[in-house]
Every structure is written in C-alpha cells, then in structure tokens.
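Observations on the model geometry
Residues per chain, in single letters:
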Amino acid sequence: MPVEEFMAGWISGALGLVLGHPFDTVKVRLQTQTSYRGIMDCMVKIYRHESLLGFFKGMSFPLASVAVVNSVLFGVYSNTLLALTATSRQERRAQPPSYTHVFIAGCTGGVLQSYCLAPFDLIKVRLQNQTESRVQPGSPRPRYQGPVHCAATIFREEGPRGLFRGSWALMLRDTPTLGIYFVTYERLCRQYTPDGQTPSSATVLVAGGFAGIASWVTATPLDVIKSRMQMDGLGRRAYQGLLDCMVSSFRQEGLGVFFRGLTINSARAFPVNAVTFLSYEYFLHSWG
Ligand SMILES: CN(C)C(=N)NCCC[C@H](N)C(=O)O
C-alpha cells in the first residue's frame with residue numbers, strides 16, 4: 001500500500017488548516033450562537049473581546065489531529081482508486097480513472113475520515129465556542145482549560161459515547177461531499193490540462209479552490225446540524241436526535257438555518273483547499 005499519499009495528505013492538511021482556522025472559528029460561532037448579526041459583527045466582537053488570539057482558539061489541537069485525519073482522507077482516496085482501477089498514481093495521468101471511480105474513492109475516504117475525525121472535531125467545536133476572554137483580567141474561567149481537559153470532561157460528564165456526539169451528522173456530511181470534492185478537482189484539472197500532462201500549479205490552485213467550494217456548499221446544511229448536535233451535550237439537551245435537530249432548527253429559524261455559515265465556509269474553502277492540493281501535489285511530485 002503506497003504510504004506517501006498519507007504523508008503528503010498530512011502536511012498539506014496542516015498548511016490548509018492554519019490558513020483556514022480563523023474563518024472556521026467565525027463559522028462555528030455563527031452556526032451555534034445567536035448573539036452575532038453576521039460575519040463582520042462576529043469578527044469585530046471576537047477581536048474586541050478576545051483579541052486576535054480568539055480567532056485561533058482550539059487550533060493547536062486540530063493541527064495535531066485534524067491534519068492527521070486529512071492524511072486518512074488522501075491516503076484512503078488514493079489507495080481506493082488503486083484498488084478500483086489497478087493503476088498507480090503515476091499511471092493515472094496517462095489513464096485517467098472514470099468519474100464514477102473518483103466519486104466512489106472520495107466517498108470511501110469521506111466515511112473513514114469522518115470516523116477518525118468525530119472526537120477531534122467535537123473538541124475543536126466545543127473549544128471554539130468558548131467566548132470567555134483569555135486576555136481580559138477578571139474574565140470568568142472557560143469551562144474547558146484545553147483539549148485534553150475538554151476530552152476528559154466530556155468523557156466524565158457525557159460518557160465515552162459523548163465523545164462521538166454528532167458523528168452521524170458528520171458522516172452524512174462528509175461521505176457524498178468528499179466524492180464531490182475529488183470529482184470537481186479531477187474535472188477541472190482535466191479540463192485545463194493537455195492530455196497526458198501534469199496540471200500546472202495555477203490549475204491545481206484553481207481546481208483545489210473550487211473543489212473546496214463545491215464540497216462545502218453541499219456540506220453546509222449538515223454542517224450546521226453537526227455543529228448543533230455537538231454543542232447539545234452541554235447542559236439541558238435540546239434535541240432528541242439528528243432528525244429532531246433538523247426539524248426543530250427549521251421550525252424555529254426557517255430554511256435559512258441550513259445555509260448559516262455558507263458564505264464564510266466558501267470564503268474559507270478556496271484558499272484552504274488551493275493550498276492543500278498544491279502542497280499535496282508538490283510533495284508527491286518531489287518524492288517521485
Ligand atoms: C466536509 N467537507 C466538505 C470537506 N471535508 N471537504 C474537504 C475539504 C477538506 C479541507 N481540509 C477543508 O477543511 O476544507
């Protein structure tokens with residue numbers, strides 16, 4: 001089993017993550033809290049109340065975990081394509097796989113990555129949602145002191161299953177949308193690259209960026225539900241399950257609720273995924 005895709009997926013995931021984390025914090029706040037009037041209001045409030053550090057809350061942990069999960073996504077994707085088409089990564093330029101194979105490989109990567117991602121994503125969302133300032137003296141102490149404390153507290157208060165809260169929504173979000181992600185990337189690369197040649201850096205950047213947007217636009221409705229289910233373990237339970245969360249969110253806030261965070265998700269998706277794909281292709285190319 002080729003392992004370089006796992007390595008390249010890891011490093012490129014980390015680069016994309018650092019770039020995208022401030023956008024991600026704003027997105028999570030907009031999806032789960034009602035005290036912000038929009039993206040600008042949220043950014044200004046975070047900056048005023050929590051300083052620049054507020055945008056980077058909970059980043060060290062995803063860097064050490066979500067980036068590893070990205071390696072699962074790219075590694076599983078590439079190895080599934082190898083199993084489906086019996087062609088190595090190098091051979092695939094001359095013999096491109098069908099879009100059906102690309103979609104199936106992307107979905108397979110999506111299922112496995114969501115399984116690994118669930119507890120890490122939960123901790124990230126809980127930490128990002130803490131609004132207490134770390135720099136203002138006299139501010140109340142946040143509930144979670146850091147990722148390890150957060151994991152231990154969830155385990156103690158909500159049981160081991162609590163660490164997988166929202167994991168169904170996460171899997172439903174990631175499976176088809178990661179199929180869409182890789183199909184969009186392949187389609188755009190092929191469209192702008194002469195047959196049999198390697199896509200240029202500009203093509204990889206644009207194709208990666210649009211792949212990110214396409215996957216996040218389709219993922220946003222379940223992303224909202226996932227974030228709400230993840231926050232639901234705190235205090236009184238508001239939802240009885242995924243469906244109940246969808247129905248009550250819709251009843252209380254209308255159809256627009258499913259598109260909360262869409263603009264910020266798309267704005268974040270372009271640079272993050274342009275950088276992720278460019279560095280991924282770069283590392284694979286330089287390792288041979
Ligand atoms: C749930 N969706 C849409 C995705 N996971 N899409 C793939 C993008 C992965 C990238 N690390 C990012 O965070 O944008």
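Along each chain, residues carry numbers from 1 onward, in the same order as the chain's sequence is written. Given that this is a predicted model, residues contribute local features only at a pLDDT of at least 70 and side-chain atom pairs are listed and counted only at 80 or more, while totals for whole chains, interfaces and linings are drawn from all residues. Water and hydrogen atoms play no part in the side-chain values, which are based on all heavy atoms of the structure.

Where we set the bar: UniProt positions are given in the numbering used here, feature names are shortened, and annotations may be inferred rather than shown by experiment.
Going by what an unreviewed UniProt entry lists, the protein chain is known as Solute carrier family 25 member 45 and is assigned to Spermophilus dauricus. What the UniProt record of the protein chain gives under Subcellular location (unreviewed entry) is the line "Mitochondrion inner membrane". Quoted verbatim from the Sequence similarities (unreviewed entry) field of the UniProt record, the comment on the protein chain reads "Belongs to the mitochondrial carrier (TC 2.A.29) family."

1. Re the pattern of salt bridges
Side-chain pairs of opposite charge can arise whenever the charged atoms involved come near each other. We count it as follows: Any carboxyl oxygen of Asp or Glu within 4 Å of a side-chain nitrogen of Lys or Arg constitutes a salt bridge here. For each residue, the accessible area found with a 1.4 Å probe, counting protein chains only, is set against the maximum for its type, and the residue is called buried under 20%, exposed over 50%, and partly exposed in between.
Counting across every chain of the model gives 20 salt bridges. A salt bridge links Arg173 to Asp174, with the nearest nitrogen and oxygen atoms 2.7 Å apart. Each member of the pair, Arg173 as well as Asp174, is classed as buried. A single salt-bridge network, built from bridges that share partners, covers Asp24, Lys27, Asp121, Lys124, Arg173, Asp174, Asp223, Lys226 and Arg268.

2. A few points about the nonpolar core
The tendency in soluble globular proteins is for nonpolar side chains to be buried as a group. Cut-off, in case you're wondering: Here, nonpolar core means buried Ala, Val, Leu, Ile, Met, Phe, Trp, Tyr and Cys residues that are tied together by side-chain atoms lying within 4.5 Å of each other. Helix and strand definitions follow DSSP, with helices as H or I runs of at least four residues and strands as E runs of at least two, each counted in order from the N terminus. The contact criterion used throughout is that any non-hydrogen atoms of two residues lie within 4.5 Å.
By size, the foremost hydrophobic cluster in this structure holds 20 residues, and its most contacted members are Leu73, Phe74, Tyr77, Tyr181, Phe182, Tyr185 and Phe277. Put simply, the parts of the chain that give this core at least two residues each are α3 (60–85), α4 (99–128), α6 (167–191), α7 (201–231) and α9 (262–286). If you tally residues by element for this core, the top one is α6, at six residues. When neighbours within four sequence positions are excluded, Tyr77 is seen to be in contact with Val72, Val102, Ala105, Gly106, Phe182 and Glu186.

3. Some words on the site of the ligand
Under the convention used in this document: When we say a residue is near a molecule or strand, we mean one of its heavy atoms is within 4 Å of it. In protein, a polar contact requires one atom able to donate a hydrogen and another able to accept it; more generally it is a pair of N or O atoms within 3.5 Å, and residues adjacent in sequence count only if both atoms are side-chain atoms. All residues other than Ala, Val, Leu, Ile, Met, Phe, Trp, Tyr, Cys, Pro, Asp, Glu, Lys and Arg, Gly among them, are scored as polar; the first ten of these are nonpolar and the last four charged.
Neighbouring the ligand are the residues Asn70, Arg173, Asp174, Thr177, Leu178, Tyr181, Ser215, Trp216, Ala219, Arg268, Val272 and Asn273. Side-chain polar atom of Arg268 to an oxygen atom of the ligand: 2.8 Å apart, as the coordinates give it. Note that an oxygen atom of the ligand is positioned 3.0 Å from one of the side-chain N or O atoms of Asn273. When contributions to the shell around the ligand are tallied by element, the ones reaching two or more residues are α6, α7 and α9. Here the element with the most residues in the shell around the ligand is α6; it accounts for five residues. The residue makeup of the shell around the ligand, split by class, is five nonpolar, four polar and three charged.

4. Quick look at the side chain of Arg268
Of note, Arg268 is situated in helix α9. Here Arg268 falls in the buried class, since its relative accessible area comes to 13%. Excluding residues within four positions of it along the chain, Arg268 makes contact with Gly20, Phe23, Asp24 and Trp216.

5. Observations regarding a nonpolar patch on the surface
Stated precisely, the cut-off is as follows: Without a salt bridge and with relative accessible area above 30%, a residue can belong to a patch; like charges are then joined within 9 Å and nonpolar side chains (Val, Leu, Ile, Met, Phe, Trp, Tyr) within 5 Å. Reported accessibility uses the Shrake-Rupley method at a 1.4 Å probe radius. Residues are deemed covered only where the shown protein chains occlude them.
On the surface, a nonpolar cluster with roughly 520 Å² of combined accessible area is contributed by Met7, Trp10, Ile11, Leu15, Val68 and Trp287. Of all the elements, helix α1 (residues 4–32) adds the most residues to the nonpolar patch, at four residues. As for its position among the elements, Ile11 is in helix α1. Accessibility expressed as a relative area gives 30% for Ile11, which makes it partly exposed.

6. What to know about the confidence of the model for the protein chain
We count it as follows: Per residue, pLDDT captures the predictor's confidence, and it can take any value from 0 to 100.
Per-residue pLDDT for the protein chain has a mean of 89; in total, 97% of the residues score no lower than 70. We note a pTM of 0.86 for the whole complex and an ipTM of 0.95 for its interfaces.

7. A few points about the packing of aromatic side chains
Let me state the cut-off plainly: Note on ring pairs: Phe, Tyr and Trp rings are taken, using the six-membered ring of Trp, and paired if centres are within 6.5 Å. Classes follow the plane angle, with under 30 degrees stacked, over 60 edge-to-face and the rest tilted.
Counted by the stated rule, this structure contains twelve aromatic pairs. On the numbers, 5.1 Å between centres and 75 degrees between planes, the contact of Tyr181 with Phe182 is edge-to-face. In this structure Tyr181 comes out as buried when scored by relative accessible area, which is 4%. Ring centres of Tyr181 and Phe277 lie 5.2 Å apart, and the angle between their planes is 50 degrees; on these two criteria the pair is classed as tilted.

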